[in-house]
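# Summary of the model geometry
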Amino acid sequence: MASDASTNSLQKPKIQIYSTPNDEVTPFWKEKYEKDAKKYWDIFYKRHQDRFFKDRHYLDKEWGHFFSEAEEKVVLEVGCGAGNTIFPLAATYPALFIHACDFSPRAVDLVKAHKDFNESKMNAFACDITNDDLVNHVPPSSVDIVTMIFVLSAVSPEKMHLVLQNIKKILKPNAYVLFRDYATGDLAQERLTCKDQKISENFFVRGDGTRAFYFSEEYLKNLFQENGFSTEECGVCCKQVENRSREIVMNRRWLQAAFRLNNDNLELSKVVKEPEDGFVVDISEGFAFDMFGISSSRDEIMELKLQDWNFKIKLLSKEFQHTCKSTGLMLWESARLMASVLASNQTIVSGKKVLELGSGCGGICSMIASKTARLVVPTDGDEKALELLNENVTSNLDESLLSKLHVRQLNWGNKEHIESVKKLSDKGFDVIVGTDVTYVAEAIIPLFQTAKELISSSQGDEEGLKPAFILCHIFRRVDEESILSAASCFGFELVDKWPNNTIPENPYRGTINSWFEGRIKEDDIENPALNIMYFHAK
């Protein structure tokens, strides 16, 4: 069976390390994302300021008939962000009085600091719309129009009714709620579905910790109807965002609706809406292309200190990671832990030939190993990750270390790639390292098959240290038993593990614990879910 698995693996040209679509985040993380929602949005506005969303000058075109009557109106913008709705509204309809609230105090500060903020015509305040009573900031039954533009999607579905009940308190009879938000089938949802970031049905967490719900037309209408609103208009808007120079087209979908606070059952349903020329997508174009993994112009630099190493690592910005299928464009906790271990224990790699599997764009384990290793080969299968990896090693290492570090493309099980790596060390590698490379079941067999082909067949060096395969990871969808089964198929024996060591007594038991003796506290990764497995080839 092992040989059959090996043969089949060799026939596959490429292994994509993507999540399966039906997995949800654990209850712990669901609770954390809910509890820390304000923090994540505050960080979002700290990073982007007022640059992420475009000013919504389309409001007059889309909803002008709700604002155009001669009498003064009172408006409440829920989720005002940096003011991309309220300032265009105020400019177009100067008679309006506008209340504006947001979950993020930092966003409210941006609004108040805007050059067009007018205290006599505007009232901006921080508010958790699911919990804080709006009547503490806005007089009851005083608002003609509430605008909710890409805001309700950030609320847990279980709490959406609380938002609508809160809004009802400050609405006049027959007042309107004008709504625009993400629709099911949007490109961003399709990308999120391919990742391990689903919270519940149609509800996802992005890479930066903010959340997004994708509405169906039926769900949205029912939600408002159950909370005392009738539907005046509701339709799906579709737009293709195009980058002509790259010949890339992205399909965006959102729902646009108007609801009225009354008891009428009259409802006007609309078919899919074809936007007119010039119809605007709210997200700034540059950000939109980056969010879907298309442009590299929004890569960020992460500064990382590990003992006497000071790295500046170029990687995909956190806020765009949720729509990027390549996990290699991020720096995972396991890589930081293993790099810290190597920085404290150069004897693991000193004088040895070292191979890193799935190093991603960071390559920090390989760069630290290069200090004392004889040869270091960081590898990854993703071309974009390799591009950034080459940039990072070049910018962080001096010439003496670069001379013994060689970046290579390696898709596990790919014969051509394996042979290319073998040419760098025809007798194999003394140490193979993999960080967070065990989270897709289909990739485990090719992983160990590739490691078997590339590990040294030596029985040990002069100090009796055998060639080792070291894995550092968090157990996700692949459990320890499955990993050990695959390891055994290709002749690997687990001789030590951390932190819960249940390995039978052997000369190498306790090796990993010795790596942690005397380490600098701030270099440690305080995640109790991290594990290290230490294998020898039989």
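Residues numbered from 1 in each chain as written. Predicted model: local features only at pLDDT ≥ 70, side-chain atom pairs only at ≥ 80, totals over all residues. Heavy atoms only, no water.

With that settled, consider the overall build of the protein. Per the secondary structure count, the protein includes 19 helices and 19 strands. Across the 538 residues that make up the protein, the buried fraction comes to 57%. The contacts in the protein between residues at least 6 apart in sequence include a share of 74% that link residues at least 24 apart. Summed over all atoms, the accessible surface of the protein reaches about 23,700 Å², with 47% contributed by carbon and sulfur. (Helix = DSSP H or I, 4+ residues; strand = E, 2+ residues; numbered from the N terminus. Buried < 20%, exposed > 50% of the residue type's maximum accessible area, 1.4 Å probe, protein only. Contact = heavy atoms within 4.5 Å. Areas by Shrake-Rupley, 256 points an atom, 1.4 Å probe, with all protein chains shown as cover.)

Here we take up the confidence of the model for the protein. Taken as a whole, the protein shows an average pLDDT of 81; of its residues, 78% reach a score of 70 or greater. Every residue in residues 283-297 scores below 50 in pLDDT, and together they form 45 contacts with partners more than four places removed in sequence or on other chains. Note that residues 520-524 has pLDDT below 50 and, in this model, 7 contacts with residues that lie over four places away or in other chains. (pLDDT = per-residue confidence, 0-100.)

The 7 strands are arranged E15-E14-E13-E16-E17-E19-E18 in an open sheet whose pairing can be described as mixed. Because the sheet does not close on itself, it has two edges, and the strands there are strand E15 (408-409) and strand E18 (492-498). Where strand E17 (residues 468-474) and strand E19 (residues 530-537) come together, 7 bridges link them in antiparallel fashion. Across the sheet, the residue bridging to Phe469 is Phe535, located in E19. This element, helix H17 (residues 441-454), spans strand E13 (353-357), strand E16 (431-435), E17, E18 and E19 of the sheet and lies at about 155° to E17. (Pairing = 2+ DSSP bridges. Axes fitted to C-alpha atoms, helices over the stretch in contact; angles between N-to-C directions.)

Quick look at the sheet that holds strand E6 (residues 198-200) now. Taken together, the 3 strands give an open sheet; going across it, the order is E6-E7-E8, and neighbouring strands pair in antiparallel fashion. Of all the strands in the sheet, just E6 and strand E8 (211-213) have a single pairing partner and so form its edges. The sheet shows a mean angle of 30° between the axes of neighbouring strands, taken without regard to direction. Summarising the sheet, E6 and strand E7 (residues 203-205) pair through 2 bridges and their orientation is antiparallel. Within E7, the position partnered with Lys198 by the bridge is Phe204.

With that settled, consider helix H18 (residues 480-489). Among the residues making up H18, those that are buried are Ile483, Ala486 and Ala487. Buried residues of H18, viewed axially, fall in a sector of 105°; they line one side. Just beyond H18, the residue with positive phi is Gly491, at close to 80°. (Arc of directions from axis to C-beta.)

Below, the discussion takes up the pairing of strand E1 (residues 74-78). Side-chain positions along a regular strand alternate between the two faces of the sheet. Among the 5 residues of E1, 5 are classified as buried, and the element is accordingly described as predominantly covered. In E1, alternate side chains face the same way, and those of Val74, Leu76 and Val78 on one face and Val75 and Glu77 on the other are all buried. The pairing of E1 with strand E2 (residues 97-102) spans 5 bridges and is classified as parallel. Counted as the bridge partner of Leu76 is His99 from E2. For the segment spanning E1, helix H5 (residues 86-92) and E2, crossover handedness is right-handed. Where E1 and strand E4 (residues 143-149) come together, 4 bridges link them in parallel fashion. Each residue of the ladder has a partner; that of Glu77, found in E4, is Thr147. (Right-handed = clockwise from strand over helix to strand, strands pointing away.)

In this section: the pattern of salt bridges. This structure, assessed with the given rule, holds 17 salt bridges. Two residues, Arg260 and Glu232, come together in a salt bridge whose shortest N-O distance is 3.0 Å. With a gap of 28 residues between them, Arg260 in strand E10 (residues 248-260) and Glu232 in strand E9 (residues 230-243) connect regions that are remote in the sequence. On the accessibility criterion, Arg260 (12% relative accessible area) is buried. (Salt bridge = Lys/Arg side-chain N within 4 Å of Asp/Glu carboxyl O.)

How two aromatic rings sit relative to each other is given by the distance of their centres and the angle of their planes. According to the stated counting rule, one finds 22 aromatic pairs in the structure shown. Look at Phe67 and Tyr93: their rings are 5.4 Å apart centre to centre, the planes differ by 25°, and that puts the pair in the stacked class. Placement of Phe67 in helix H4 (residues 59-67) and of Tyr93 in the loop between H5 and E2 is noted, with a sequence separation of 26 residues between them. Taking relative accessible area as the criterion, Tyr93 reaches 13% and is therefore assigned buried. Between Phe215 and Tyr219 the ring centres are 6.1 Å apart and the planes differ by 55°, which places this aromatic pair in the tilted class. With relative accessibility at 31%, the residue Tyr219 sits in the partly exposed group. Among the aromatic residues, those joined into a ring-pair cluster are Phe179, Phe203, Phe213, Phe215, Tyr219, Phe224, Phe229 and Phe259. (Phe/Tyr/Trp six-rings, centres within 6.5 Å; stacked < 30°, edge-to-face > 60°.)

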